[in-house]
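Below are the chains, spelled out letter by letter.
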Amino acid sequence: MTSADLLPATVLKRKAVVYVRQSTQTQVQINLESQRRQYDLVDEARRHGFSDVEVIDDDLGRSASGTMARPGFDRLVAWICAGEVGAVLCFDASRLARNGRDWHHLLELCGLVGARVIDLDGIYDPCRPNDRLLLGMKGSISEFELGVLRARMYDAARSKARRGELRISVPVGYVWDREMGLGFDPDLRLREAIRLIFARFRELGSARQVLLSLTAEQLHFPRPSDGKRMIAFDWTPIRYRNVISVLKNPFYADAYIYGKTEHRTAIVDGRAQKTYGHGRPFEEWEVVLKDHHEGYVDWAEFERNQKQLAANSFSRIGETKSGRGGQALLVGLLTCARCGRRLKVAYYGRSGLAYRCDSPNIMLGSPRCLTFGSSRIEPAVTRELLRAVEPFAIEAAREAERLRMEKVNDRRRILELDLQQARYDASLAERRYAACDPDNRLIAAQLEKSWETALRRVEACQARLEPNTPEAPRSTDTADFTGLATDLETAWTSPNVSMRARQQLLRALVVDIIADVDETARDVILTIHWRGGNTRSSGSESPRAASMAAEPRTKPWR
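Residues numbered from 1 in each chain as written. Predicted model: local features only at pLDDT ≥ 70, side-chain atom pairs only at ≥ 80, totals over all residues. Heavy atoms only, no water.

A. A look at the pairing of strand β6 (residues 174–177). Pairing geometry for β6 and strand β7 (residues 181–184), over 4 bridges, is antiparallel. For Asp-177, the partnering residue across the bridge sits in β7 and is Gly-181. Counting the residues in the hairpin turn of β6 and β7 gives 3 residues. (Pairing = 2+ DSSP bridges. Helix = DSSP H or I, 4+ residues; strand = E, 2+ residues; numbered from the N terminus.)

B. Main features of the sheet that holds strand β17 (residues 371–373). Here we have 3 strands laid out as an open sheet, ordered β15-β16-β17, and antiparallel in their pairing. Only two strands of the sheet have a single partner each, and these edge strands are β15 (344–348) and β17. Sheet twist, expressed as the average angle between the axes of neighbouring strands with direction ignored, equals 30°. (Axes fitted to C-alpha atoms, helices over the stretch in contact; angles between N-to-C directions.)

C. View of the nonpolar core. Judged by nonpolar contacts, the single largest core of 52 residues is most densely connected at Ile-194 and Ile-197. Broken down by element, the residue count for this core peaks at 7 residues, all from helix α9 (residues 188–204). Apart from residues no more than four positions distant in its own chain, Ile-197 is found in contact with Val-210, Leu-214, Phe-221, Ile-238, Val-243, Val-246 and Leu-247. In this structure, Leu-329, Leu-333, Val-381 and Leu-488 belong to the second largest nonpolar core, which totals 31 residues. (Core = buried A, V, L, I, M, F, W, Y, C linked by side-chain atoms within 4.5 Å. Buried < 20%, exposed > 50% of the residue type's maximum accessible area, 1.4 Å probe, protein only. Contact = heavy atoms within 4.5 Å.)

D. Representation of the pattern of salt bridges in the model. The full count for this structure, using the stated rule, is 33 salt bridges. The salt bridge partner of Asp-102 is Arg-70, with a shortest N-O separation of 3.3 Å. Taken as a pair, Asp-102 in helix α7 (residues 100–113) and Arg-70 in the loop between β2 (53–56) and α5 (71–81) lie far apart in primary sequence, 32 residues in all. Each member of the pair, Asp-102 as well as Arg-70, carries the same accessibility label: buried. Lys-138 is paired through a salt bridge with Asp-121; the nearest N and O atoms lie 3.2 Å apart. Here Lys-138, found in helix α8 (residues 129–162), pairs with Asp-121, found in the loop between β4 (116–119) and β5 (122–124); they are 17 residues apart in sequence, far enough to count as distant. Classification of Lys-138 as partly exposed rests on a relative accessible area of 22%. Among the charged side chains, a network of salt bridges with common partners joins Asp-155, Arg-158, Glu-262, Arg-264, Arg-280 and Glu-286. (Salt bridge = Lys/Arg side-chain N within 4 Å of Asp/Glu carboxyl O.)

E. Summary view of the packing of helix α11 (residues 240–248) against helix α12 (residues 299–311). Running from N to C, α11 and α12 point in directions that differ by 130°, and their axes come no closer than 9 Å. Compared by their axis directions, α11 and α12 come out oblique. Between α11 and α12, the contacting residues are Ile-244, Leu-247 and Lys-248 on the first element and Phe-302, Gln-306 and Leu-309 on the second. Among the residues forming the contact of α11 with α12, the class breakdown is 4 nonpolar, 1 polar and 1 charged. (Parallel < 35°, antiparallel > 145°, perpendicular 65-115°, else oblique. Nonpolar A, V, L, I, M, F, W, Y, C, P; charged D, E, K, R; others polar.)

F. Molecular detail of the environment of Arg-75. Structurally, Arg-75 is set in helix α5. Given a relative accessible area of 31%, Arg-75 falls into the partly exposed group. Once the C-alpha coordinates of Arg-75 and Ile-56 are considered, the two residues, 19 residues apart in sequence, prove to be 8.4 Å apart. When near neighbours in sequence (up to four residues on either side) are disregarded, Arg-75 contacts Ile-56 and Asp-58.

G. Local environment of the sheet that holds strand β1 (residues 15–19). Across the sheet, 5 strands lie side by side as β2-β1-β3-β4-β5; this open sheet has mixed pairing. Unpaired on one side and paired on the other, β2 and β5 mark the two borders of the sheet. Here the strands of the sheet are splayed against their neighbours by 25° on average, with no regard to which way each runs. Across 3 bridges, the pairing between strand β3 (residues 85–89) and β4 is parallel.

Right under this line is the structure:
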């Protein structure tokens, strides 16, 4: 370490660079005294005899840990390499770098061109071994200090999260209370919107269908309008991401979750770059506290929802596909008895379709295992399905009527809450207009316009509510439904029943169907595996094949 009097004239002829940096935007806005002290180094440079002083403050709000680009630091390095810098002034070593790579690279360049490093403790010449050793220790201490601070902070956060007391961001529908902790949002309209999503998924079994159903009813979903504070909301048309985020978030199932995402580090252009928000498997979540708070659904229903969402994905190879409509009733259910692969649907003509095993032909160039039409296969499976549900037709009709009434009441309750909020907004707009000075037209005109907009919204909510008048509950005694047990086929073929509904009913009762073709008898042999373990075998395609018998699964398949 040298004194100010020993600075050579060749160094003083160059310019001195004052490097100013703070790690975050919050520090830039709040820690103004630290920022002011760094800018005061300009006077320190002039006191040492430098006439040309430059300030680099491009890196305010940028971390020096090595994972973030710093254009100001890069400009400083470029000036040093060009031999234009006589001294680098910084408040302390941590301002220049918090990682060894940048720090030692800077010292190496300063030593090559004879530049000095100046801080509040003195002047250092990186060409001298003692000064270089001291600067290296300062850089190592700065890097070590950052690691210690980060480790202490994360350990404290994890310890608090294991007790369920760390106040992390929570999804829409929950708020942190100073005394009570985590609880429901007091906004009833918001809570009912979330409960309606779970109810519709319970009924429809598909996130996409939930979206289409709620969109058809013109229902809205809250979107935070105040950032992370989650106090004020704008009600906008519901989107798919709203539905899927509600269904997949375990917070709604009374569970406190911490550590379900992770950051990953990659080397990009020679520099470490971190990315955040990568999901972890459920087994790797750091903290899972069930029954931590009051939930919109229980944990068992949450797990069923995740299994249903996974089953709905067509990207999973080898699994039974969910019913999504179309012309084929058995799509995704038929399995080849010869190779164990799923049968695919082939369409021909305007309305004809066939099921065939294409995998050996596509992958190996071998002949197809089997091919058969659907004209007799689907009616045969339908007869077996109706025969299985016939004893429960009356109970199913009662349950369907109950669910229909619940759906009607839920929709009306949501619309009533929308109307209640619209009336409050209109009343608030009226009071604001009444409190304004009528002569101040610049403000009164806008308040009057806002009041008119609120009144139009009230009218729109009333118009949507009128068609949804409460219905008188229908009688659900046995006499009302006795005809269903003998007329299921008519209900099945009704034009009001979509193919999607038929597919979902079939998948609710059938695990899979093993198909084989008897070339000699020209029969298609179907082995139906019902949920619960029962197995029935059906012959079709030939008029002679009409017998039904139980048959265990004997052939292996994948």
